[in-house]
Amino acid sequence: MYSLNVPLPPPVRALFREFRPHLVGFESVRDPRTATLVVKRLDAADRREYLRAERDANAALRGAPAFEARIDDVGVFDDPTAGPGPIVYLAVESPGLRRVHRQLVDDLGRIEDLEGDDYTPHVTLARDGPRRAVERVRDVDFDPVTWTVDEIEFYDANVNERIEAVPLPA
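Residues numbered from 1 in each chain as written. Predicted model: local features only at pLDDT ≥ 70, side-chain atom pairs only at ≥ 80, totals over all residues. Heavy atoms only, no water.

## Quick look at the packing of aromatic side chains
The full count for this structure, using the stated rule, is four aromatic pairs. Three or more aromatic residues link up through ring pairs in this structure, and these residues are Tyr 2, Tyr 50 and Phe 154. (Phe/Tyr/Trp six-rings, centres within 6.5 Å; stacked < 30°, edge-to-face > 60°.)

This is the structure in structure tokens:
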């Protein structure tokens, strides 16, 4: 899967590592080195389709400003769209991120049940754990993290690799 992502700054990766001891009991725990904040998935199954989607996404990002993002809560998807649940995640608040997402959806199209009004900005911590493990994660006290998003990256999730980035303002 190809996507447009917000790169996570060191304080978010450090916060992710703070949560690691609390993720015992989950079947799948995300590696903080490959954790992502997806802005928009790209409709591309292969390299040729990706190059078209990249061109269209660059055009859609033209004029996009840098913006603030903040993590100050843990959320849960009890019944995720794909794969086993529940999923616990770091909830991201950012009106600027939502505006950029909306622009990309308007220009590139929407993936049903994941984007548009269904978009929930988040960084996945873990999935498929018992209710007590979910509550343990939700009860963790942590200092909020705020940062300025000054680039959006093109990302290939098949190999967990950044392809290139667009600086903001674009």
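## Points about the nonpolar core
Formed by 48 residues in total, the largest nonpolar core has its most connected members in Leu 4, Phe 19, Val 88 and Trp 147. Not counting residues up to four positions away in its chain, the partners in contact with Leu 4 are Leu 37, Val 38, Val 39, Lys 40, Leu 42, Ala 57, Leu 61, Leu 104, Ile 152, Glu 153 and Phe 154. (Core = buried A, V, L, I, M, F, W, Y, C linked by side-chain atoms within 4.5 Å. Buried < 20%, exposed > 50% of the residue type's maximum accessible area, 1.4 Å probe, protein only. Contact = heavy atoms within 4.5 Å.)

## Thoughts on the pattern of salt bridges
Where side chains of opposite charge bring their charged atoms close, a pairing between them can arise. In total, this model carries eleven salt bridges according to the counting rule given. As a salt-bridge pair, Arg 33 and Asp 31 come within 2.6 Å of each other at their nearest N and O atoms. Given a relative accessible area of 25%, Asp 31 falls into the partly exposed group. Linking Arg 131 and Asp 78 is a salt bridge whose minimum nitrogen-to-oxygen distance equals 2.6 Å. One end of the pair, Arg 131, is in helix α4 (residues 131–138); the other, Asp 78, is in the loop between β4 (67–77) and β5 (87–93), and 53 residues separate them in sequence. One network of salt bridges, with partners in common, ties together Arg 52, Arg 55 and Asp 56. (Salt bridge = Lys/Arg side-chain N within 4 Å of Asp/Glu carboxyl O. Helix = DSSP H or I, 4+ residues; strand = E, 2+ residues; numbered from the N terminus.)

## A short note on the sheet that holds strand β9 (residues 161–167)
Reading across the sheet, the four strands line up as β3-β1-β8-β9 and stay open at both edges, with antiparallel pairing between neighbours. Both edges of this open sheet fall to β3 (37–42) and β9, since each of them pairs with a single strand only. Pairs of neighbouring strands in the sheet enclose a mean axial angle of 30°, with direction left out of account. Two strands pair when backbone bridges link them, and strand β8 (residues 151–156) and β9 are joined in this way by six bridges, in the antiparallel orientation. When the bridges of β9 are listed, Asp 156 appears paired with Glu 161. (Pairing = 2+ DSSP bridges. Axes fitted to C-alpha atoms, helices over the stretch in contact; angles between N-to-C directions.)

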